[in-house]
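Chain residues, written in single-letter form:
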Amino acid sequence: MTSILRRPVDLFIIIIFTNFLLIAITIDYTQTLYGSILAEEDLDFGIWPPAPILRAYAWWCEKVDPLLAHNPLWYSTMAAFSPFLYGPFYVVAIYAFLTEKEWIRIPALMWGYGLILSMIVVVREELYGQYPARDIPLFLLAYGAYAVMPVVVMARVAHLPVFSKPNKKKQKTN
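Residues numbered from 1 in each chain as written. Predicted model: local features only at pLDDT ≥ 70, side-chain atom pairs only at ≥ 80, totals over all residues. Heavy atoms only, no water.

**Q** Explain the overall build of the chain residue by residue, including any values.
**A** Helix and strand counts for the chain stand at six helices and zero strands. Its helices and strands taken in sequence order, the chain reads α-α-α-α-α-α from the N to the C terminus. Based on the C-alpha atoms only, the size of the chain along its principal axes is roughly 80 × 35 × 25 Å. In the chain, which comprises 174 residues, the proportion classed as buried is 38%. Put simply, 71% of the contacts in the chain that link residues at least 6 apart link residues at least 24 apart. (Helix = DSSP H or I, 4+ residues; strand = E, 2+ residues; numbered from the N terminus. Buried < 20%, exposed > 50% of the residue type's maximum accessible area, 1.4 Å probe, protein only. Contact = heavy atoms within 4.5 Å.)

Right, here's the structure in full:
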């Protein structure tokens, strides 16, 4: 097995998947459970997610993302994919990229296609919908990784073998 430090693209993917996992189990989990968050008072500060995450969520809704603040049913339904479907995928994918498991190819392609389709809907709604983003550059910066990473990952796993195997042929010695 090749060290992850010698595979910078895989290391980058692992770092991004770790970030996506943390967002899935905090921000996206919050979006799935709550209705509209038009003010911090709309939040119920329980055990999970931590209060600072919820406050940041409320700030983001107010300053940048009114669609997230209004959180229509279709949007909270799409958000549920993140903690309950993509979250487990991120855990498995982190393991697979760390340990060079070939079987990650099909799940990674499925994840990529699913996330691209979701992002097309969300970005279109955020730019042209009923509740457009208030700060489009900041919105695009924050959501950009969700548009770019599926392409990066799908390109990374497009060909077999996904992880190159060291040449096991022994050279003849005279």
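Following the structure, the description resumes.
**Q** Residues and numbers for the pattern of salt bridges, please.
**A** Oppositely charged side chains can pair when the atoms bearing their charge come close. The tally for this structure, following the rule as stated, stands at four salt bridges. Put simply, Asp10 and Arg7 hold a salt bridge, and the shortest N to O gap is 2.8 Å. With respect to burial, Asp10 and Arg7 carry one shared label: buried. The salt bridge partner of Arg156 is Asp10, with a shortest N-O separation of 2.7 Å. Within this pair, whereas Arg156 is found in helix α6 (residues 136-156), its partner Asp10 is found in helix α1 (residues 8-33), the two being separated by 146 residues in sequence. Among the charged side chains, a network of salt bridges with common partners joins Arg7, Asp10, Glu100 and Arg156. (Salt bridge = Lys/Arg side-chain N within 4 Å of Asp/Glu carboxyl O.)

**Q** Would you mind going over unusual backbone geometry in detail, with residue names and values included?
**A** Omega for the bond connecting Trp48 with Pro49 falls within 30 degrees of zero, at -10°, which places this linkage in the cis form. By the element assignment, Pro49 lies in the loop between α1 and α2 (51-63). Put simply, Leu160 and Pro161 share a cis peptide bond, and its omega is -5°. In this structure, Pro161 sits in the segment after α6. Its identity as a non-glycine residue notwithstanding, Asn71 has a phi of 45°, on the positive side. On the secondary structure map, Asn71 appears in the loop between α3 (66-70) and α4 (73-99). Of note, the phi angle at Glu100 is positive, near 55°, even though the residue is not glycine. Mapped onto the secondary structure, Glu100 falls in the loop between α4 and α5 (105-128). Look at Glu100 and you get buried, because its relative accessible area is 10%.

Without other data, these values stay purely geometric and don't point to any function.
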